[in-house]
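A structural walkthrough
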Amino acid sequence: MLRTLEGKVTEVGQTSGEGELPVLTLKLRTGEGDFQIVVAPPGVLSDIGFSVAVGDQVRARVFYDPGLRLAYAQKLLNQSQDLMVRLRTLRHEPLWDAAGNWQGSPAELPTGRVAPERSRIRGERTGPERPTSPRP
C-alpha cells in the first residue's frame with residue numbers, strides 16, 4: 001500500500017535490504033506512532049548528495065506493510081534540509097543496481113523545493129500592467 005508518512009527522525013540505522021546490500025533506515029515519529037523506513041544504500045545517498053539526520057523533519061511516500069509497520073521509501077523529502085529525492089519506481093523497483101550504484105535519471109536526483117509564495121489577494125496582478133485599449 002502506498003501512503004505518506006510525516007514526522008521527525010528519531011533514529012538513523014542500517015539493515016540488509018534488496019540484494020542483501022546494506023541500506024539506511026530511519027525511525028520516524030509521526031502522529032500515528034513510530035515507523036521504520038527502509039531508504040537506500042548509504043553509498044547511493046552519498047553519491048547523489050542526499051542526507052538525513054536525527055532531528056530532521058521528513059515527509060516520505062512509502063510502500064507500507066501494516067503488519068510489520070515497515071515501510072520502503074519511494075520518495076523522500078527532507079524538510080529540514082529542503083531536499084527531495086525519488087528512490088524507487090511505483091513498481092517498488094529501487095533506482096540503484098545490485099552493486100549499489102545509482103541508476104536513476106537526473107530527474108530523480110535530490111532537488112531543493114521552491115519556497116511557497118505568499119498568498120495573494122484574488123485577482124491581484126503579479127506581472128507588468130497590461131495596456132488597456134479604448135472601447136469604441
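No experiment lies behind these values; they were computed from the predicted model shown.

1. Considering the side chain of T25
With respect to the secondary-structure elements, T25 resides in strand β2 (residues 22-30). Engagement of the side chain of T25 in a polar contact is seen with the backbone nitrogen of Q14, the distance being 3.4 Å. Of the polar contacts made by the side chain of T25, one reaches the side chain of Q36; its length is 3.2 Å. Not counting residues up to four positions away in its chain, the partners in contact with T25 are E11, V12, G13, Q14, T15, Q36, I37 and V38.

2. Some points on the environment of P22
Position of P22 among the secondary structure elements: in strand β2. You can call P22 partly exposed: its relative accessible area is 39%. For the pair formed by P22 and G43, sequence separation is 21 residues and the distance between their alpha carbons is 9.3 Å. Setting aside its immediate chain neighbours within four residues, P22 contacts Q14, T15, P41 and P42.

3. Concerning the pattern of salt bridges
Opposite charge on two side chains makes pairing possible when the charged atoms of those side chains draw close. The tally for this structure, following the rule as stated, stands at four salt bridges. Here R3 and E32 are joined by a salt bridge, their closest N and O atoms 2.6 Å apart. One end of the pair, R3, is in strand β1 (residues 2-16); the other, E32, is in the loop between β2 and β3 (33-38), with 29 residues separating them in the sequence. Here R29 and D34 are joined by a salt bridge, their closest N and O atoms 3.0 Å apart. Given the relative accessible area of 46%, R29 is considered partly exposed. Here D34 falls in the partly exposed class, since its relative accessible area comes to 28%. One network of salt bridges, with partners in common, ties together K27, R29 and D34.

4. Here we look at unusual backbone geometry
Phi at D82 takes a positive value of approximately 60°, unusual for a residue other than glycine. Relative to the helices and strands, D82 resides in the loop between β5 (70-78) and β6 (83-86). Overall, D82 belongs to the partly exposed group, its relative accessible area being 31%. One non-glycine residue with positive phi stands out, namely H92, at about 75°. Residue placement: H92 occurs in the segment after β6.

5. Concerning the environment of L87
In this structure, L87 sits in the segment after β6. Placed 48 residues apart in sequence, L87 and V39 show a C-alpha to C-alpha distance of 7.6 Å. Excluding its chain neighbours within four sequence positions, the residues that come into contact with L87 are V39, A40, L45, A73, Q74, L76, E93, P94, L95, W96 and W102.

Rules used in this analysis
Residues numbered from 1 in each chain as written. Predicted model: local features only at pLDDT ≥ 70, side-chain atom pairs only at ≥ 80, totals over all residues. Heavy atoms only, no water. Helix = DSSP H or I, 4+ residues; strand = E, 2+ residues; numbered from the N terminus. Polar contact = N/O pair within 3.5 Å; in protein donor to acceptor, adjacent residues only side chain to side chain. Contact = heavy atoms within 4.5 Å. Buried < 20%, exposed > 50% of the residue type's maximum accessible area, 1.4 Å probe, protein only. Salt bridge = Lys/Arg side-chain N within 4 Å of Asp/Glu carboxyl O.

By themselves, these observations are geometric and do not establish any function.
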